[in-house]
Amino acid sequence: MNTLPPPPDPLLPPVRDPRARDLVLDYADMHALVADLVLPGGASMYVMSAMETSRELIRHSYYRYEFATVAVTHSLFALEHVLAERLAMNEPLHDLIGRATGAGLITAGLAAELDRSRLLRDRLAQGAESSAALRPIRAVAMVRAVFDAVSLLLRPPSAAEATAADVGGTQPEGGLARLWEDHLRSPFPDGFRGVDFGGVDLVLLDADVAGLVQRELKGGLDDSGIAYLWGCIVDLDEVVPLINEEYCASYFTKLRTMAQVAAVRYIPSAT
């Protein structure tokens, strides 16, 4: 008599999460979605592991939608570790981000994106958000901010500070004027007039940012202008990853950088 247990049922291959049906055509397309999330050199094994895991979680959100949100929160392990080492202090992540911004190690715009990830993590811990809070496209942008920050923080001090200054970290007015001049020389992308992504009209978004930047250069923004500018930055963060035409993506990426530089002096100092 055969006393061996019956063989287990064959494992079924994973299937696409139906909530990801509008994201990409198939799993192979997820590789392109995370292709620019390149691991920085010089990181510790702990940091490399956390960042690589975050990237792979986004890739596999094709099969489990919630992995995208988990990817963002997991990436903060790497960020907090690198910040604590670079600043030689053990403080809450919010304070570490503020101190790094004040020291010119990361840009104010980048700090704002990092703080959005931190706030998401806190809301998840408090039960105010679920693990399905983010679409994978949005998660890519938020994890990219962590990758960018870690890369800056791992550079030698002089190189990191110079890079931050180039995008408005220490001398926002001069940097903003140069960005504005470049913007005026750049034509709006052909074929994208009247196009919107997620309800955001590209022409109106471009015009709104341009008007706010002009006001900033001419004397500064009032409270309503500051709030409007941050709203434009949020819209740009949502829109840029969705644009699949090279020039248009470049145009709106530069527009986002200009908006972030305009917002530099409106980031509260760490206390």
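Above: the structure in question.
Residues numbered from 1 in each chain as written. Predicted model: local features only at pLDDT ≥ 70, side-chain atom pairs only at ≥ 80, totals over all residues. Heavy atoms only, no water.

1. Quick look at helix H5 (residues 108-126)
Next, step 1: Between its first and last C-alpha, H5 extends 27 Å over 19 residues, near the 27 Å set by a 1.5 Å rise per residue.
Next, step 2: For H5, the complete set of buried residues consists of Ala-108, Gly-109, Leu-110, Ala-111, Ala-112, Glu-113, Leu-114, Asp-115, Ser-117, Arg-118 and Leu-120.
Next, step 3: Packing partners of the buried residues in H5 comprise helix H3 (67-87), helix H4 (93-102), helix H6 (136-154), helix H10 (223-239) and helix H11 (246-262).
Next, step 4: The first or second residue beyond H5 is Gly-127, which carries a positive phi of 80°. (Helix = DSSP H or I, 4+ residues; strand = E, 2+ residues; numbered from the N terminus. Expected span 1.5 Å × (residues − 1). Buried < 20%, exposed > 50% of the residue type's maximum accessible area, 1.4 Å probe, protein only. Contact = heavy atoms within 4.5 Å.)

2. Comments concerning the side chain of Asp-206
Next, step 1: Among the structural elements, Asp-206 can be located in helix H9 (residues 202-217).
Next, step 2: One buried charge, Asp-206, has no salt-bridge partner; the nearest side chain with opposite charge is Arg-193, at 6.6 Å.
Next, step 3: Among the polar contacts listed, one links the side chain of Asp-206 to the side chain of Tyr-251, at a separation of 3.0 Å.
Next, step 4: If we ignore the near neighbours within four places in the chain, the residues touching Asp-206 are His-183, Phe-188, Tyr-251, Phe-252 and Leu-255. (Lys, Arg positive; Asp, Glu negative; His and termini not counted. Salt bridge = Lys/Arg side-chain N within 4 Å of Asp/Glu carboxyl O. Polar contact = N/O pair within 3.5 Å; in protein donor to acceptor, adjacent residues only side chain to side chain.)

3. Thoughts on the pattern of salt bridges
Next, step 1: With the rule as written, the count across this model stands at 20 salt bridges.
Next, step 2: As a salt-bridge pair, Asp-17 and Arg-19 come within 2.8 Å of each other at their nearest N and O atoms.
Next, step 3: On the accessibility criterion, Asp-17 (6% relative accessible area) is buried.
Next, step 4: We classify Arg-19 as partly exposed; its relative accessible area is 39%.

4. A short note on the layout of surface pockets
Next, step 1: Looking at the largest pocket, its volume works out to about 1,000 Å³.
Next, step 2: Lining the largest pocket are 41 residues; nearest its centre among them are Asp-36, Arg-144, Val-240, Thr-253 and Arg-256.
Next, step 3: Partitioning the lining of the largest pocket into residue classes produces 20 nonpolar, nine polar and 12 charged. (1 Å grid on protein atoms, 1.4 Å probe; cavity = no way out; pocket = protein on both sides within 12 Å on 5 of 7 lines; lining within 4 Å. Points joined across faces, edges and corners; volume = space filled by probe spheres on them. Nonpolar A, V, L, I, M, F, W, Y, C, P; charged D, E, K, R; others polar.)

5. What about the nonpolar core?
Next, step 1: Ile-58, Leu-79, Leu-83, Ile-97, Ile-106 and Leu-114 are the most contacted members of the largest nonpolar core, which totals 46 residues.
Next, step 2: Secondary-structure elements contributing two or more residues to this core are helix H1 (29-33), helix H2 (45-59), H3, H4, H5 and H6.
Next, step 3: Here this core gets 12 residues from one element, more than from any other, and that element is H6.
Next, step 4: Among residues more than four places away in sequence, those in contact with Leu-114 are Leu-79, Ile-97, Ile-106, Ala-145, Val-146 and Ala-149.
Next, step 5: Core analysis: the second largest hydrophobic core is formed by 34 residues, Leu-212, Ile-226, Leu-229 and Ala-263 among them. (Core = buried A, V, L, I, M, F, W, Y, C linked by side-chain atoms within 4.5 Å.)

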